[in-house]
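# Chains, contacts and geometry: an overview
Now for the letters of each chain:
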Amino acid sequence: MTATIEPTIIKERLPSASARLSLAPTGSGPGLLDGAWWPRSRDLLREIPTLTDALDACWGRITHVTVNPAHWPVIPRKVPVTGHTVHVGWFADEQDPNKVILLSYTVGRLDLLVIPPETEPAAAARLMAAATVPGGIRTASGLMADEAMSHDAAEARSREEEWETDGGAASAAGASIGILSSALGR
């Protein structure tokens with residue numbers, strides 16, 4: 001995927017729903033992630049204002065955001081938010097593609113897992129919980145890989161159970177015996 005870097009685009013902000021955000025408990029031991037963010041789209045011009053609105057009051061004014069362009073089709077240089085402008089940077093090789101880094105002059109840095117917008121709610125809830133474990137040692141991509149493996153395993157179990165309840169194992173065994181009996185002339 002290629003990212004397009006565009007100059008600042010000033011648009012009238014559309015009202016949007018609140019940010020889907022989960023942060024590690026304050027005062028908890030430092031971990032690789034400080035929480036998780038589940039944006040509703042891959043449009044940074046629309047999503048960053050919602051995120052900063054949720055964080056500015058409780059965490060401090062967000063001044064910079066960095067992303068990996070792997071999952072963001074357009075990366076604006078600046079995004080107008082309530083009361084100020086957020087500068088956006090990107091790092092293709094240096095930053096985990098499933099993470100966003102938020103910087104504030106007053107508080108410091110937050111590293112958040114970015115849950116893809118198309119993620120099912122149950123999976124998003126598991127990822128949000130995993131990203132807020134105090135002192136967590138899983139990377140953003142590690143959590144996403146774990147969830148994908150868990151999803152694949154659950155899907156395989158579901159297919160196997162469906163096959164079993166449809167008579168798959170018994171029918172297949174019976175058919176094999178019937179073919180073997182026919183071959184032996186019995």
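Above this text you will find the structure in question.
Residues numbered from 1 in each chain as written. Predicted model: local features only at pLDDT ≥ 70, side-chain atom pairs only at ≥ 80, totals over all residues. Heavy atoms only, no water.

Gaps between atoms show up when a probe of the same size as a water molecule is rolled over them. Approximately 280 Å³ is the volume found for the largest pocket. Looking at the largest pocket, it is lined by 17 residues, and the ones nearest its centre are A24, P25, T26, D34 and L110. Within the residue set of the lining of the largest pocket, elements represented by two or more residues are helix 1 (44-59) and strand 9 (108-114). Among the residues making up the lining of the largest pocket, the classes are represented as nine nonpolar, six polar and two charged. (1 Å grid on protein atoms, 1.4 Å probe; cavity = no way out; pocket = protein on both sides within 12 Å on 5 of 7 lines; lining within 4 Å. Points joined across faces, edges and corners; volume = space filled by probe spheres on them. Helix = DSSP H or I, 4+ residues; strand = E, 2+ residues; numbered from the N terminus. Nonpolar A, V, L, I, M, F, W, Y, C, P; charged D, E, K, R; others polar.)

A word on empty space enclosed by the protein. Enumeration according to the criterion identifies one cavity of 30 Å³ or more in this entry. Considering the residues around the largest cavity, the lining is formed by R42, H71, W72, P97, N98, K99, V114 and P116. Broken down by class, the residue content of the lining of the largest cavity amounts to four nonpolar, two polar and two charged.

Let us now look at the environment of L33. Take L33: it is sitting in the loop between strand 2 (21-23) and strand 3 (35-37). Taking relative accessible area as the criterion, L33 reaches 7% and is therefore assigned buried. Separated by 100 residues in sequence, L33 and V133 have C-alpha atoms that sit 8.5 Å apart. Leaving out residues up to four positions away in the same chain, L33 has contacts with K99, D111, L112, L113, A131, R138, T139, A140 and L143. (Buried < 20%, exposed > 50% of the residue type's maximum accessible area, 1.4 Å probe, protein only. Contact = heavy atoms within 4.5 Å.)

Along the chain, T63 falls in strand 4 (residues 62-67). Leaving out residues up to four positions away in the same chain, T63 has contacts with T85, V86, H87, L103, S104 and Y105.

Counting through the fold element by element, R138 comes out in the loop between helix 2 (121-131) and helix 3 (140-165). The class of R138 is partly exposed, set by a relative accessible area of 39%. Leaving out residues up to four positions away in the same chain, R138 has contacts with L32, L33, L143 and D146. For R138, the side chain forms a polar contact with the main-chain oxygen of G142, separated by 3.0 Å. (Polar contact = N/O pair within 3.5 Å; in protein donor to acceptor, adjacent residues only side chain to side chain.)

As a further point, take the sheet that holds strand 8 (residues 99-104). One open sheet holds the seven strands; their spatial order is 2-3-9-8-4-7-6, and the pairing between them is mixed. Edge positions in the sheet fall to strand 2 and strand 6 (78-81), since each of these pairs with one other strand and no more. Strand-to-strand, the axes of this sheet are offset by a mean angle of 25°, without reference to chain direction. Of the strand pairs in this sheet, strand 2 and strand 3 are connected by three bridges, and their pairing is antiparallel. Considered in strand 3, the bridge of L23 is made with G35. Packing against the sheet, helix 1 makes contact with strand 2, strand 3, strand 4, strand 6, strand 7 (84-90), strand 8 and strand 9, and its axis sits at approximately 55° to strand 6. The strands touched by helix 2 within the sheet are strand 2, strand 3 and strand 9, with strand 3 carrying the most contacts at an inclination of about 145°. (Pairing = 2+ DSSP bridges. Axes fitted to C-alpha atoms, helices over the stretch in contact; angles between N-to-C directions.)

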